[in-house]
Amino acid sequence: MVKKIILATPRGFCAGVDRAIAIVEKALNKYGAPIYVRHEVVHNRYVVDDLKARGAIFIEEIKDVPANSILIYSAHGVPLAVRKEAKHKNLKMIFDATCPLVSKVHVEIKNLHRDGYTIVMIGHKGHPEVEGTMGQVTGDIFLIERLEDVANLPISKDINKIAVVTQTTLSVDETKSIIQELKLTFQNLKLPKNEDICYATQNRQDAVKALTKKCEMLLVIGSKNSSNSNRLKELAENLGIKAYLIDYANEICQEWIDGVEVVGVTAGASAPEILVTGVIERLGQYGFNTIENLTSVEEKMIFALPSELRE
Ligand code: SF4
């Protein structure tokens, strides 16, 4: 039996993650350590440990940033209150590594609030992106996570001005069904002008859908707190194949691959390609020596760096 690996393309870093990591790296190179970063700049253990080793200090509270330091906001975005608090500290510089696609949702939500809309956000409670997005406005904003939550919203069904926004890294299919339920409940529901779920989330999920038709088991490389990586694992499971979320190749268990001939491999938007290489090497030790690529779409998106950090 020929044991085969099929790699999903696209996988791994998206344009927002590329930009966020580059901001921290370039700030370290230009200004030297330490550089303070509010929250993990992206949700990946390898990336965070690597940046820590190079002098980045990750904090959750602005009060933990000493005066005269350089501060960077993570790719997930921050509530307005955090920006305000940081502005009142005597900091040398602040760089914003919020993904431009998250910032787009921030603008959308502020405009809706200004125009008197009650806003429903679909997202995961406690995720920093959700906290950042909801923190752009005060009052008249409600978070829902599941289809069942729609019925429990404390909002009149006849409301005139109601709009929905979503976290950028959700399950495309699940979000569609929640929005459908919202439309049935609130006839005046205003939908986002463009999808809030980002291109990278959509593309990685499409790639996994195609891959699950060709493999018996899927390895998703990504950290446990990575929203988009978790969605890739769930998607494969919903399509009926076993899937495992791993940070590193040494987490692969013999029993996962016993009797398996074709393993699919993908990586969440915050997982670097070096981890994929490690997984390929490890699977090679188990006899998976044939490697194929399954490309569903080519990605060309690039986001510009802040002017101070451009070369
Ligand atoms: S997953 Fe999407 S929203 Fe998140 S950083 Fe990447 S491009 Fe931006």
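About the cut-offs
Residues numbered from 1 in each chain as written. Predicted model: local features only at pLDDT ≥ 70, side-chain atom pairs only at ≥ 80, totals over all residues. Heavy atoms only, no water. Helix = DSSP H or I, 4+ residues; strand = E, 2+ residues; numbered from the N terminus. Rg over C-alpha atoms; globule rule 2.2 N^0.38 Å. Buried < 20%, exposed > 50% of the residue type's maximum accessible area, 1.4 Å probe, protein only. Contact = heavy atoms within 4.5 Å. Areas by Shrake-Rupley, 256 points an atom, 1.4 Å probe, with all protein chains shown as cover. Lys, Arg positive; Asp, Glu negative; His and termini not counted. Charge placed at Lys NZ, Arg CZ, Asp CG, Glu CD. Salt bridge = Lys/Arg side-chain N within 4 Å of Asp/Glu carboxyl O. Pairing = 2+ DSSP bridges. Axes fitted to C-alpha atoms, helices over the stretch in contact; angles between N-to-C directions. Near = heavy atom within 4 Å. Nonpolar A, V, L, I, M, F, W, Y, C, P; charged D, E, K, R; others polar.

Engineer: What is the right way to look at the overall build of the protein in this model?
Structural biologist: For the protein, the helix and strand inventory stands at 10 helices and 13 strands. At 21 Å, the protein has a C-alpha radius of gyration in line with the 19 Å of a compact globule built from 311 residues. By principal-axis analysis of the C-alpha atoms, the protein measures approximately 65 × 55 × 30 Å. Across the 311 residues of the protein, 52% fall into the buried class. For the protein, restricting intrachain contacts to residue pairs at least 6 apart in sequence, the fraction spanning at least 24 positions comes to 76%. Approximately 14600 Å² of the protein is accessible, and the part contributed by carbon and sulfur atoms is 49%. Computing the positive centroid from 38 side-chain charges and the negative centroid from 40, the protein places the two 5 Å apart.

Engineer: Just to check I follow, could you spell out the pattern of salt bridges for this structure?
Structural biologist: Where charged atoms of side chains with opposite charge meet at close range, the side chains can pair. Summed over all chains, the structure comprises 12 salt bridges. For arginine 54, the salt bridge goes to glutamate 25, with nearest N and O atoms at 3.4 Å. Placement of the pair is arginine 54 in the loop between helix 2 (45–53) and strand 3 (56–59) and glutamate 25 in helix 1 (residues 15–31), with a sequence separation of 29 residues. Overall, the relative accessible area of 38% leaves arginine 54 in the partly exposed class. Two residues, aspartate 247 and arginine 45, come together in a salt bridge whose shortest N-O distance is 3.4 Å. Here the residue aspartate 247 occupies a position in the loop between strand 11 (242–246) and helix 9 (254–257), and arginine 45 occupies one in helix 2, the gap between them amounting to 202 residues. A relative accessible area of 3% places aspartate 247 in the buried class.

Engineer: What is the right way to look at the sheet that holds strand 5 (residues 93–96) in this model?
Structural biologist: Sheet strands pair by backbone hydrogen bonding; their relative direction is either parallel or antiparallel. Sheet architecture is open: four strands sit in the order 3-2-4-5, paired in parallel fashion. Because the sheet does not close on itself, it has two edges, and the strands there are strand 3 and strand 5. The mean inter-strand angle of the sheet, taken between neighbouring strand axes irrespective of direction, is 25°. Note that strand 2 (residues 35–38) and strand 4 (residues 70–73) share three bridges and pair parallel. Residue valine 37 lies in a different strand from strand 4, and its bridge partner there is isoleucine 72. Set on the sheet, helix 3 (residues 80–87) makes contact with strand 2, strand 4 and strand 5; between it and strand 4 the angle comes to about 175°.

Engineer: What's the story with the site of the ligand in this structure? I'm lost.
Structural biologist: All residues adjacent to the ligand are Cys14, Gly16, Val17, Cys99, Leu101, Thr168, Thr169, Cys198 and Tyr199. Classifying every residue of the shell around the ligand by side-chain character gives six nonpolar, three polar and no charged.

Engineer: What exactly am I supposed to notice about the sheet that holds strand 9 (residues 189–190) here?
Structural biologist: Overall, parallel pairing links the four strands, which are arranged 7-6-8-9 in an open sheet. Because the sheet does not close on itself, it has two edges, and the strands there are strand 7 (141–144) and strand 9. Direction of pairing for strand 6 (residues 118–122) relative to strand 8 (residues 162–166): parallel, over a ladder of five bridges. Its bridge partner lying in strand 8, methionine 121 is registered against valine 165. In the packing of helix 4 (residues 100–114) onto the sheet, the strands contacted are strand 6, strand 7, strand 8 and strand 9, and the crossing angle to strand 8 comes to about 165°. Where helix 6 (residues 172–185) meets the sheet, its contacts fall on strand 6, strand 7, strand 8 and strand 9, and the angle it forms with strand 6 comes to roughly 155°.

Engineer: Any chance you could explain the side chain of histidine 106 here in plain terms?
Structural biologist: Along the chain, the position of histidine 106 falls in helix 4. Once residues lying within four places of it in the same chain are set aside, the contact partners of histidine 106 are Gly77, Val78, Gly132, Thr133 and Gln136.

Scope: geometric values only; no functional claims are made or implied.
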